[in-house]
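Spelled out, the chains give:
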Amino acid sequence: MRALTFVPGGKGTLDVEEVPDPEPGKGELLVQGLALGICGTDRELDAADYGWPPPGKDRMIIGHESLGRVLETPEGSAFSPGDLIVGVVRRPDPVPCGACVRGEFDMCRNGRYTERGIKELDGYGSERWTVEAGYAIRLDPALESVGMLVEPAAVVAKAWEHIERIGARAWFEPHTLLVTGAGPVGLLAALLGRQRGLEVHVLDRAAGGLKSSLVEALGATYHSGTSLESFRAAEPDIIIECTGAGSLVIETMTTTAAAGIVCLCGLSAGGLTHRVDAGVINRDIVLENDVVFGTVNANQRHFRAAAEALAEADRGWLERLITRRVPLSRALEAFEPAGDVKVVLDLTA
Ligand SMILES: [Zn+2]
């Protein structure tokens, strides 16, 4: 079968190559790969910024935003051939730590977890793949054209779950949400905010075009800019930061309403310094009972919540997030920057 592979730690090593078909182990499903979403992490893997090969190998299969159709199931499985599924990305660490032993491997404490397509496990970027039944999430069949968005939506569903758990420390009836960054994660965060009945604002540096049209289609308000200055007076109850831009990250901490929650989802590059008044930031957070927290990854509960959220969303809107579909045979084109919201590999072509 064909697979999109790379050498972790090597720059620009991506290639479509023939590899042996996977053999399902005990309790595993054999799956036909349908599509694969490509994200910033995959581009970082290709740029050698990130990634660890399976022990004893140098090449590995890339891909963590999966979508597939079940071909074969183990005996007594809750899955059936034909089911539309996605695979969970992370697996618990071998120790395991207290979080992993409780199934919350997205909160792993020792960093020894593994991840499909990123850390020591082959990914989902191949014509066939296998997955342990316990790490497969069944989707509504209607999500066939957009199901590869479930993984990024799972990261967002976890962010929302944690925002709501933090909010529950005291009386909490949020009214407004600000999302910074209108990439796939920001747009999905805005979607889940609208599903919760919030007034949603999305800030992005793009002047307009598709991103603003997608935001407005949600019944949210689009703002073009690079600073939170204009949100100081409005004081959103919740900010979901999806850009990782250092100056914006700092600004979020003093822009929320009292008892505000800032959820950091974006990843910054190191090496950029910003002059900040630490005293002002500290006073704002302490005197307003604010919370600033980071979140990454997702466990099965979040994948299920994401699958439900996408099943309830407007399918046409989700399809508009996918600005390019590239056949596996021309996979490298998917990694060329072209102003996309989301690029998807078609693993059947
Ligand atoms: Zn752990």
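Everything below is about the structure shown above.
Here's a quick rundown of the structure.

About the cut-offs
- Residues numbered from 1 in each chain as written.
- Predicted model: local features only at pLDDT ≥ 70, side-chain atom pairs only at ≥ 80, totals over all residues.
- Heavy atoms only, no water.
- Donors = N, O, S within 2.8 Å, 3.2 Å for Na, K, Ca; no water.
- Tetrahedral: all angles 85-135°; square planar, octahedral: opposite > 155°, others 65-115°.
- Helix = DSSP H or I, 4+ residues; strand = E, 2+ residues; numbered from the N terminus.
- Buried < 20%, exposed > 50% of the residue type's maximum accessible area, 1.4 Å probe, protein only.
- Lys, Arg positive; Asp, Glu negative; His and termini not counted.
- Salt bridge = Lys/Arg side-chain N within 4 Å of Asp/Glu carboxyl O.
- Polar contact = N/O pair within 3.5 Å; in protein donor to acceptor, adjacent residues only side chain to side chain.
- Contact = heavy atoms within 4.5 Å.
- 1 Å grid on protein atoms, 1.4 Å probe; cavity = no way out; pocket = protein on both sides within 12 Å on 5 of 7 lines; lining within 4 Å.
- Points joined across faces, edges and corners; volume = space filled by probe spheres on them.
- Pairing = 2+ DSSP bridges.
- Axes fitted to C-alpha atoms, helices over the stretch in contact; angles between N-to-C directions.

Topic: the coordination of the zinc ion
In step 1: Binding of the zinc ion to the protein goes through D93 (OD), C97 (SG), C100 (SG) and C108 (SG), at separations of 1.9 to 2.4 Å.
In step 2: Each of the four donor atoms bound to the zinc ion contributes to angles spanning 99 to 121°, and the resulting shape is tetrahedral.
In step 3: Considered as a linear motif, the donors of the zinc ion on their single chain read D-x3-C-x2-C-x7-C. Note that D93 is positioned in the loop between β7 (90-91) and α2 (98-101) and C108 in the loop between α2 and β8 (114-116), a separation of 15 residues in sequence. The residues D93 and C108 share a single accessibility class, namely buried.

Describing unusual backbone geometry
In step 1: Residue P96 follows V95 across a cis peptide bond; omega there is -20°.
In step 2: Considering the arrangement of structural elements, one finds P96 in the loop between β7 and α2.
In step 3: In this structure, E235 takes a positive phi of about 50° despite not being glycine.
In step 4: Structurally, E235 can be placed in the loop between β14 (221-224) and β15 (238-241).

Some remarks on the side chain of D290
In step 1: Mapped onto the secondary structure, D290 falls in the loop between α7 (278-287) and β17 (291-294).
In step 2: Despite being buried, D290 has no salt bridge partner; R169 is the closest side chain of opposite charge, sitting 6.0 Å away.
In step 3: At 3.4 Å, the side chain of D290 forms a polar contact with the backbone nitrogen of A259.
In step 4: Sequence-distant contacts of D290, that is, excluding residues within four places in its chain, are made with M253, T256, A257, A258, A259, G260, D284 and I285.

A look at the layout of surface pockets
In step 1: Of the volumes computed, that of the second largest pocket is approximately 350 Å³.
In step 2: P22, K57, I61, D122 and G123 are, among the 23 residues lining the second largest pocket, the residues nearest its centre.
In step 3: A total of five residues in the lining of the second largest pocket trace back to one element, the largest contributor, which is strand β10 (residues 128-132).

Digging into the sheet that holds β14
In step 1: Taken in spatial order, the six strands make up an open sheet running β14-β13-β12-β15-β16-β17, and their pairing is parallel. A strand with exactly one partner marks an edge of an open sheet, and here the two such strands are β14 and β17. Averaged over all neighbouring strand pairs, the angle between strand axes comes to 15°, with direction disregarded.
In step 2: Note: strand β12 (residues 176-180) against strand β13 (residues 199-204), five bridges, orientation parallel. Within β13, the position partnered with T180 by the bridge is L203.
In step 3: On top of the sheet, helix α4 (residues 184-195) reaches β12, β13 and β15; it is set at about 170° to β12, its chief contact.
In step 4: Together, β13 and β14 form the strand contacts of helix α5 (residues 210-217), whose direction differs from that of β14 by roughly 155°.

Notes on the environment of P96
In step 1: Exposure remark for P96: the relative accessible area of 37% places this residue in the partly exposed category.
In step 2: C-alpha of P96 to C-alpha of A207: the two residues are 111 residues apart in sequence and 47 Å apart in space.

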